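A look at the structure
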Amino acid sequence: ADEPSSWAKEEVEAGIEAGLVPEELQKNYTSPVTRGQVAGMFIRLLEKASGKTVEEIIAEKGASINEEAFTDTTDRDVLSANALGIINGTGKEKFTPDGTLKRAQIAAIINRVAGVMGIETEGYTHEFTDITGNYAWAYQELGWPVTTGIIKGVGNGKFSPGGDLTTEQAVLLVYRAYTELTSNVMRIYVSPEGSRKPKGTRKAPYGDIQAAVDHLESVSGDGYDRVELVILDGKYTISEAVIFFPFFSDDSKSQNCPVVIRGTGNATISGGISLSASDFVPAEGELTKLFPEDVRSDIVMVDLKDFGYPVGTISEAKTMYRYFQYGPVLSCNGTPQTIARYPNDGWINIEGGRIVDENGNTAASVSGSTSEPPSYRYAVDYGKEHSSRVRSWSGADTVFVSARLTDLTRCDDADVLFFDTDNDLAYLPYIGNGKKEPVRGGLIYFYNIPEELDAPGEYYVSENGILYYYPGEDFEDATLTIPVADNLFSILQAENVTLTGIRFTLSRDNGILAGNVKGLTIENCEISEIWGYCGIKVHGYDISIRENEIHDCGGHAVQVNSGHLDSGTDGNCEVYNNRMYRFGQFTWPLSNGVFADGAGIRIHHNEIFDSKSMAIHWMRGMDITVEYNDIHDVLTAADNLGAVSCTGRIQARNVIRYNYIHDIGATGAYSQLRETYPDFTIYGCSAISGNDGGSYFEAYGNVIQSVNGSGFQGDGRGYTFKNNLLIDCANWYVYITSKQYADYFKGGSSNSRLSYPDYIFSKPWKEANPDLAHLITDLSQTTYDDPRAWAAPAGIVIENNWIHFNKSGRYFNNWGVAPYSIEDTVFQFSGDDIDVQMYERSNGNVSIFNSRRDKVDVEELISDTAKGFAGLTVEQFRSIGIEK
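Quantities reported herein were computed from a predicted structural model and do not represent experimental measurements. (Residues numbered from 1 in each chain as written. Predicted model: local features only at pLDDT ≥ 70, side-chain atom pairs only at ≥ 80, totals over all residues. Heavy atoms only, no water.)

To continue, consider the overall build of the protein chain. The number of helices and strands found in the protein chain is 18 helices and 53 strands. Looking at the protein chain as a whole, 57% of its 884 residues are labelled buried. Within the protein chain, counting contacts between residues at least 6 apart in sequence, those at least 24 apart form 68% of the total. (Helix = DSSP H or I, 4+ residues; strand = E, 2+ residues; numbered from the N terminus. Buried < 20%, exposed > 50% of the residue type's maximum accessible area, 1.4 Å probe, protein only. Contact = heavy atoms within 4.5 Å.)

Using the criterion set out here, one finds 26 aromatic pairs in the structure. Seen from their ring centres, Tyr445 and Tyr447 are 6.1 Å apart, and the 55° between their planes marks the pair as tilted. The same class applies to Tyr445 as to Tyr447, namely buried. Three or more aromatic residues joined by ring pairs make a cluster, and in this case those are Tyr323, Trp347, Phe400, Tyr445, Tyr447 and Trp588. The ring centre of Phe95 lies 4.4 Å from the NZ or CZ of Arg35, which sits over that ring. The residue whose ring lies beneath Arg103 is Phe159, and the NZ or CZ to ring-centre distance is 4.4 Å. (Phe/Tyr/Trp six-rings, centres within 6.5 Å; stacked < 30°, edge-to-face > 60°. Lys NZ or Arg CZ within 6 Å of the ring centre and 35° of its normal.)

Right, let's get into empty space enclosed by the protein. Empty space among the atoms becomes visible once a probe the size of a water molecule is rolled across them. Applying the stated criterion across every chain yields a total of 1 cavity of 30 Å³ or more. Computed from the structure, the largest cavity encloses a volume of approximately 50 Å³. Surrounding the largest cavity, Asn640, Leu641, Tyr683, Gly684, Cys685, Ser686, Ser710, Gln713, Trp732 and Tyr735 form its lining. Among the residues making up the lining of the largest cavity, the classes are represented as 5 nonpolar, 5 polar and no charged. (1 Å grid on protein atoms, 1.4 Å probe; cavity = no way out; pocket = protein on both sides within 12 Å on 5 of 7 lines; lining within 4 Å. Points joined across faces, edges and corners; volume = space filled by probe spheres on them. Nonpolar A, V, L, I, M, F, W, Y, C, P; charged D, E, K, R; others polar.)

Once that is clear, we can look at the packing of helix H5 (residues 103-116) against helix H7 (residues 167-182). At a minimum axis separation of 11 Å, H5 and H7 run at an interaxial angle of 25°. When the axes of H5 and H7 are compared, the pair comes out roughly parallel. Classified by chirality, the crossing of H7 by H5 is right-handed. Of the residues in H7, those touching H5 at Ile106, Ile110, Val113 and Ala114 are Ala170, Leu173, Ala177 and Leu181. Here the contact of H5 with H7 is composed, by residue class, of 8 nonpolar, no polar and no charged. (Axes fitted to C-alpha atoms, helices over the stretch in contact; angles between N-to-C directions. Parallel < 35°, antiparallel > 145°, perpendicular 65-115°, else oblique. Left-handed = near helix turned anticlockwise from the far one by under 90°.)

We now examine the pattern of salt bridges. Charged atoms that come close allow side chains of opposite charge to pair. Taken as a whole and judged by the stated rule, the model has 33 salt bridges. Close ionic contact of Lys9 with Glu13 constitutes a salt bridge, the shortest N to O distance being 2.8 Å. Taken together, the residues Lys9 and Glu13, both in helix H1 (residues 9-17) and 4 residues apart, mark about one turn of the helix. Classification of Lys9 by relative accessible area gives partly exposed; the value is 33%. In this structure Glu13 comes out as partly exposed when scored by relative accessible area, which is 40%. Here Glu574 makes a salt bridge to Arg602, at a shortest N to O gap of 3.2 Å. Residue Glu574 is found in strand E33 (residues 573-576), and its partner Arg602 is found in strand E35 (residues 592-604); the two are separated by 28 residues along the sequence. What makes Glu574 partly exposed here is its relative accessible area of 25%. Residue class for Arg602 comes out partly exposed when judged on its relative accessible area of 29%. Each of Glu180, Arg187, Arg226, Glu228 and Arg262 takes part in a single network of salt bridges with overlapping partners. (Salt bridge = Lys/Arg side-chain N within 4 Å of Asp/Glu carboxyl O.)

Take H5 next. Note: α-helices contain 3.6 residues per turn, so residues at a spacing of three or four share the same orientation. A rise of 1.5 Å per residue sets the reference length of H5, with its 14 residues, at 20 Å; its end C-alpha atoms lie 20 Å apart and thus fit the reference within 8%. Of all 14 residues in H5, 11 are buried; the element is thus mostly enclosed. Three or more residues of H5 are buried, namely Arg103, Ala104, Ile106, Ala107, Ala108, Ile109, Ile110, Asn111, Val113, Ala114 and Val116. Buried residues along H5 sit in contact with helix H2 (35-50), helix H3 (54-60), helix H6 (143-147) and H7. Phi turns positive one or two residues past the end of H5, at Gly118, with a value near 85°. (Expected span 1.5 Å × (residues − 1).)

This part takes up the side chain of Arg262. Summarising the element assignment, Arg262 is placed in strand E5 (residues 259-263). Of note is the side chain of Arg262, whose polar atom sits 2.8 Å from the backbone oxygen of Thr147. Within polar-contact distance, the side chain of Arg262 engages the side chain of Glu228 at 3.0 Å. Dropping the residues within four chain positions of it, Arg262 is found in contact with Thr147, Thr148, Gly149, Glu228, Leu229, Val230, Ile231, Thr500 and Ile502. (Polar contact = N/O pair within 3.5 Å; in protein donor to acceptor, adjacent residues only side chain to side chain.)

Before going further, it helps to spend a moment on the confidence of the model for the protein chain. Confidence along the protein chain averages 82 in pLDDT terms, with 82% of residues attaining 70 or more. Confidence, expressed as mean pLDDT per element, reaches its minimum in the protein chain at strand E52 (residues 813-815) with 34 and its maximum at strand E9 (residues 300-303) with 98. Low confidence marks residues 849-853, where pLDDT is under 50. Its contacts with residues over four positions away, or in another chain, come to 23 contacts. (pLDDT = per-residue confidence, 0-100.)

The next thing to look at is the pairing of strand E44 (residues 697-700). What you see with E44 is a clean split: Phe697 and Ala699 sit on the buried side and Glu698 and Tyr700 on the side with no burial. Sheet topology note: the strand E41 (residues 654-657)/E44 ladder contains 4 bridges and is parallel. The partner of Arg657 across the bridge, within E44, is Tyr700. Two elements, E44 and strand E47 (residues 720-722), share 3 bridges in a ladder whose sense is parallel. Bridge pairing in E47 links Glu698 to Thr720. (Pairing = 2+ DSSP bridges.)

The strand order E7-E24-E10-E11 describes an open sheet built from 4 strands, whose pairing is antiparallel. On the outer flanks of this sheet lie strand E7 (272-275) and strand E11 (335-336), each paired with one strand and no other. Both strand E10 (residues 331-332) and strand E24 (residues 480-483) contribute to a ladder of 2 bridges, which runs antiparallel. Across the sheet, Cys332 pairs through a bridge with Leu480, a residue of E24.

Take a look at the structure:
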């Protein structure tokens, strides 16, 4: 390639501008770089960084050039690099100038260049597990370049020492080395061992991470190009958040003094308690009499107070929305254990229920805000089948429920107010979706019940902090953890901060929390076991969240609020090259891999998978771009939601393109869902959704495959769905409900649902969105019974999509968009093994039917048939997901 890759472009161009890159290397960026070329760049680096000629440097070192060192080159840069001990030959008086370099070799060269410059590089460590065998010689030389961030690992504790280098990679590394060697950097060190008299130096590091951060805050930015906090390898256990409220919160000088908070090796900030089998003793005491007699002798206990657990949080958690999220979350080897529950697996299919007042009378209607008067509650009929089990419990004081009372789009959690065991009723606070009465067949289970501590992996925590646990087979060798800290790392009112190379684990709320920040980068971190709200939660501008692994979160993996909708100011926010999985474990399905709100947010090249929840969602947005993401196996316990979705009417200029969205929705076919939940209205999930009026976006060039509902579902206005490839959607391929949505909001108090915030009438917002502003103004001045209010905003385009299915035909549902020339039934077929195309009947949408092919080769389908319609080449398709 004659242009550098997008991820390398900025640093490559900076290297050229700095004069480090000869003209011959300013092309063919993805080709291998040679040994001779690298020697030339590093000689340029030494001269630029020192302000001296290489001859002067050689003379100062008391060295000399051996003109006959090699028989295969007389290149002056090669001989100079060899004289300084930067690059050795390959043996037998050969240098092999056209040979290639490996990653370990260039890391060692960088380390040696630093030595020539007088930098102390000894004593720096790393934790890579693959610097062995033929590359064991490089172990020590990797420490300094890795610690300073010049070169990084490839993930999973690996460095890949034998990996080849491309031209753009070599240029990037030389530029980073130049930046490091020419910077006036102040470093503050922290170590788990610490010094008895800490000064923050490497020889006398802090032992407490907050103390090191406080030192960082106190340092004046004057005279430094960069200030770093180096968190040395090891585990840092905290009970409350590390707070970085920097010295420059009101100081513009910070723009010229970036802060880097960097981990080395396996630096880990943990907000939890760790327990092993030896910490437990056989359960005893009055409470054990409630445990099932046949397993009582298997149950063990530990007093969490002995390990510093704040027992007061247990009673506080009972007043929170979800006890199993904010209460003591016990994990075994990273897997959440189960608070003692009934039934042990699955759900109770309730007989029905009703909304009642405080006297138990059926409430005729419930209106108003989502915060209802406390007098209203649910009376849920759990059925005679479970009567004896519920009667065996000591009471409702500790019992909670997880419930899906009205549909499968959300899961609610609440405490049981009381039981009416004579009538098999559980009285719950007013929860649920849409203020509807519970339906027959609704789902519920009870938990936090000592009498139900009857299965391996279950636990119960008393209000005085005693943990009772029914251990599984791996207990003797297991590590059990409980989060204590509410947040792990908070960054407040900061500019130009980078957080890199740190593992964050165990939190009751957020992992990384950043508020009112500008110029924040979070990279190369692992964030896990964040059982509260978010793995990363950020509010600010110029944000980059990249190359992180975020998993096992109670809520969102990432939440970003960036940009300003009122003024139309872009946030310049990117979330890319991250792996996000097993998020939304406690707040499913209404959690997300990425939840976004604002303007100017780009979400790209992420892999998002293995979750009951949605992948990407925003509620209000302008200039949001979602592209090149690999999204799969999400929404595995939900219905009628979208893997990529937006809700709300405040939208403009948003784009969803070139994503691979596949294997979406609950396991099993759509028909199986209908059989499993006969009393629910089942839609299946969709790959892309404009839900609850989600509007004003384009979706094109996406590959959608194996969805248990619709490929695309829209009930808003002003969106375009075109040039997509859809394969094997179990319900509709495209499901449009604009008319239904319009009817829903006509007349009565529902008009209030179409109210708009004041900012959309501001002058900057109208200038940024003239068409949208005109439409909204028109709507605000008319009644919703006036058909003009709904004729104008539709603006829906469904065209030029390429649709493949097996075995049976599907159809478009076009309720409310007939004026846009989409036929009620698009597909009609004859024969059992031929492709049938019907351009003229479907607005340019094309169908392919092949009854013989059960499994689709997506790349073949793109290259052979759908390239022109999906707008996606095979090369583009292969670039979807994490960039290597």
